[in-house]
Amino acid sequence: MLLLTRITYLLAFGLVAYASILSDILNAIENAVDCASCHALLGVLQGVALLGDTVFSSALVSVCKATGAEDDDVCQGLLTEQGPIIAHDLRSISVLGQTATKFCNAAIGLCQDPAVNAFTVPFPKPAPTNPKVFTSTGKPPFQVAHFSDAHIDRMYTAGSDSNCTKPICCRNFADQTGPVQVPAGPSGSLNCDTPTTLVQSMLRSVATQNAQFSIFTGDVVEAAVWLVDQTENTSDMQKFNNEMATLLNSPVFPAIGNHEAAPVNVFPRNTTNQGQVQWVFDTQSQGWNPFIGTAAASQVQHMSGSYSVNPAGTNLRIISLNTIYWYKDNFYLYDSDKFQPDPNGIIGFAVQQLQAAEDAGQRAWVIAHMPPSGGDALHDQSNYFDQVVQRYKNTIAGLFFGHTHRDEFAIAYSNYNNQTADTADGIAWIAPSLTPRQANPSFRLYDVDPDTYEIMDSRTFISDMSDPSFQTSPTWKQEYSARATYGPAIGGWPATQSLNAAFWHKVTEAFVSNDALFQTFNSLKTRGVQVSACTGDCKTTTICNLRALRAENNCVVATPGLNFRRGEEEIDTSQRGHVDHCEGTGVRTVFENIALKAQTMDSEVLRKRMEEAFIKSS
């Protein structure tokens, strides 16, 4: 009886203390309206982090569940995985320092990106005074396929609901009750990731295109980020490697995506004293060996997933980089106040390989998952990579990325303060996704000059989900040709000239004056599904971003992820919040939804729900 009394007393005491912690978190969230108050919020969270990972994660899970920010299993899975990493960060940094500002920008959206830290990338040699000239002799181009963001859901279930309450649907979730509203089709549905049938259909279609080789710019695993673990991700990578090996009839050169890790996005730096993703590099080193060879596979294993390879019969060096070390949602990047200009030596590896290509008289392609141009790229590393692009612009024939799930591009300039066709000197090809989560599944086919290795045309292929035959036998048809679509709009473009950076700058100039052309681009970017009109600031910002391979020059402005109060405006509690197209629902989305829902709930009801969540977790 005495023992029971003591347990009851301790539980009651713990409940009061825990309720106080949760109340402090919610109050800090409600008061977080700008960058300064975001730092104050981090101070509160830091105090909780000092109590240990379990308390920190349980507190976030309890607040998430009590507010109904996401379904209980999503709250539990996502925050139990990511919570210890955030707690580790907060215990390792000053909540008033630059690292904290970067975290507030990435995870909460209440701080703008800080100014770039000055750093000059070291190069082994200066640029040659008389660089080698790569001239086309007019030979017929060869073809290269580019596919990205497969996000294969091996638990996709045809007939399950594609309109569910989870971040992705088309699975038989245990807590989903009631009749199915929109049955998932056998070949794929919106709001869902890629079924096995669809990815195999795409690979078979690529095999019919007579491609000399393919590039895959990352993200094998689906976006059920609250459920993934090392075992599942390893299996998913192995299965896709096997499918590429058996269904394609030519080599493929892949890159590491942020979804390959579990928890999602998190690639610890070499200086981090917890967590590891060597299993990702080991898995892909083994699985990619048949495509890239033993030497490059060893680089994957020992260079954090990056490698370099010379495809047989070419004078081309393909350099695959793991750019997730420059990704804002990689929370391990915020665990030190000591500035690290080149996490895990990725930029140094690029320099080394580009110098080797220059010395050998080769052209180079750089492939990676996340482009350094977007709002989710850290400005520091984007700036330093742009220095590399400028130094080796004569060697680099193309840059290829995925991640955004959009059909788009980004231009590099020798002078970002004077953006013209003459100063445009680098072009990034950003491929649309295979996953039909937001749009029709797609891949690209490039026509490549065999002398210069520059892109003569880019053709996007889609499988139209509205086609009655899609669910029984997806067909892949060319959606458009970049040369045919945009060439006439800029007064024509010589057939012997590649679609280089100058071409694409002229296209952006045409977007300014020719709104119909821009709206065509906007529709193609989203592959014709759920297309929203893009005018005014949307159009201006879009064009600005296309002209910004260096992220500090884009027009992405951080938007608040927590406090949505705008005077007396009505709050829309059905709003889904910010969703990173690549990640799906992540920590920022959860934080947004917590704030959004908490503002509309009775405080006493909310308190009781948090107590219940604590008792259940205890």
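Note that residues are indexed from 1 along each chain, following the sequence as it is written. With pLDDT at 70 or above as the cut-off, local features in this predicted model cover only qualifying residues; side-chain atom pairs require 80 or more to be listed or tallied, and sums for whole chains, interfaces and linings still use all residues. As a rule here, side-chain values cover all heavy atoms of the structure and leave hydrogens and water aside.

A. How the structure looks around the state of the cysteines. Counting rule for disulfides: a pair of cysteine sulfur atoms within 2.5 Å. Following the criterion strictly, the structure yields 7 disulfides and no others. There is a disulfide in this structure between Cys-164 and Cys-169, and the S-S distance comes to 2.1 Å. Its S-S torsion of approximately -95° makes the covalent link between Cys-164 and Cys-169 left-handed. Paired by a disulfide, Cys-534 and Cys-538 hold their sulfur atoms 2.0 Å apart. Across the disulfide from Cys-534 to Cys-538, rotation about the S-S bond amounts to roughly -105°, and the bridge is consequently left-handed. Given a relative accessible area of 2%, Cys-534 falls into the buried group. For the exposure calls, accessible area comes from a 1.4 Å probe over protein chains only, and a residue counts as buried if that area is under 20% of its type's maximum, exposed if over 50%, partly exposed in between.

B. Seen up close, the UniProt feature "domain: Calcineurin-like phosphoesterase" (unreviewed entry) in the protein chain. The residues that UniProt annotates with the feature "domain: Calcineurin-like phosphoesterase" (unreviewed entry) are residues 143-406. Secondary structure is summarised from DSSP: a helix means a run of H or I of at least four residues, a strand means a run of E of at least two, and numbering begins at the N terminus for each. A distance of 22 Å separates the end C-alpha atoms of residues 143-406, which is 31% helix and 12% strand. UniProt positions are given in the numbering used here, feature names are shortened, and annotations may be inferred rather than shown by experiment.

C. Focus on empty space enclosed by the protein. Points on a 1 Å grid over protein atoms alone make up a cavity when a 1.4 Å probe fits among them but cannot get out, and a pocket when they form an open set with protein on both sides within 12 Å along at least five of seven lines; lining residues each have an atom within 4 Å of a point. Grid points are joined across faces, edges and corners, and a volume is the space filled by probe spheres set on the points. With the rule as written, the count across this model stands at 3 cavities of 30 Å³ or more. Considering only enclosed or pocket space, the largest cavity measures out at about 80 Å³ in volume. What lines the largest cavity is Asp-407, Glu-408, Phe-409, Trp-429, Arg-444, Ser-458, Tyr-480, Ala-482, Tyr-486, Trp-504 and Phe-521. Only strand E8 (408-413) and helix H12 (482-486) provide two or more residues apiece to the lining of the largest cavity.

D. Expanded view of unusual backbone geometry. The omega angle of the peptide bond from Ala-262 to Pro-263 is 0°, so this bond is cis rather than trans. Summarising the element assignment, Pro-263 is placed in the loop between strand E3 (252-254) and helix H8 (278-292). One non-glycine residue, Asn-191, adopts positive backbone phi at about 75°. Looking at the element boundaries, Asn-191 is found in the loop between strand E1 (142-147) and helix H6 (196-207).

E. Looking closely at the packing of helix H2 (residues 35-49) against helix H5 (residues 98-108). Taken N-terminus to C-terminus, the directions of H2 and H5 make an angle of 95°; their axes are 10 Å apart at the nearest point. Taken together, the axes of H2 and H5 are roughly perpendicular relative to one another. Where H2 approaches H5, its residues Cys-35, Cys-38, His-39, Leu-41 and Leu-42 are matched on the opposing element by Ala-100, Thr-101, Phe-103, Cys-104 and Ile-108. Amino acids outside the nonpolar list (Ala, Val, Leu, Ile, Met, Phe, Trp, Tyr, Cys, Pro) and the charged list (Asp, Glu, Lys, Arg) are all regarded as polar, and Gly is one of them. Considered class by class, the residues forming the contact of H2 with H5 number 8 nonpolar, 2 polar and no charged. Orientation is described by lines fitted to C-alpha atoms, with helices fitted over the stretch in contact, and by angles between N-to-C directions that extend from 0 to 180 degrees. With respect to orientation, any angle under 35 degrees is reported as roughly parallel, any angle over 145 as roughly antiparallel, any angle of 65 to 115 as roughly perpendicular, and every other angle as oblique. Residue contacts are counted whenever heavy atoms from the two residues lie within 4.5 Å of one another.

F. Region of the structure containing the sheet that holds strand E9 (residues 424-430). In spatial order, the strands read E4-E5-E6-E7-E9-E8; together these 6 strands make up an open sheet with mixed pairing. Because the sheet does not close on itself, it has two edges, and the strands there are strand E4 (307-309) and E8. Strand-to-strand twist of the sheet, defined as the mean angle between neighbouring strand axes without regard to direction, takes the value 20°. Helix H10 (residues 346-359) contacts E4, strand E5 (316-321), strand E6 (363-368) and strand E7 (396-401) of the sheet and is inclined by roughly 180° relative to E5. Between any two strands, at least two bridges found by DSSP are needed for them to pair.

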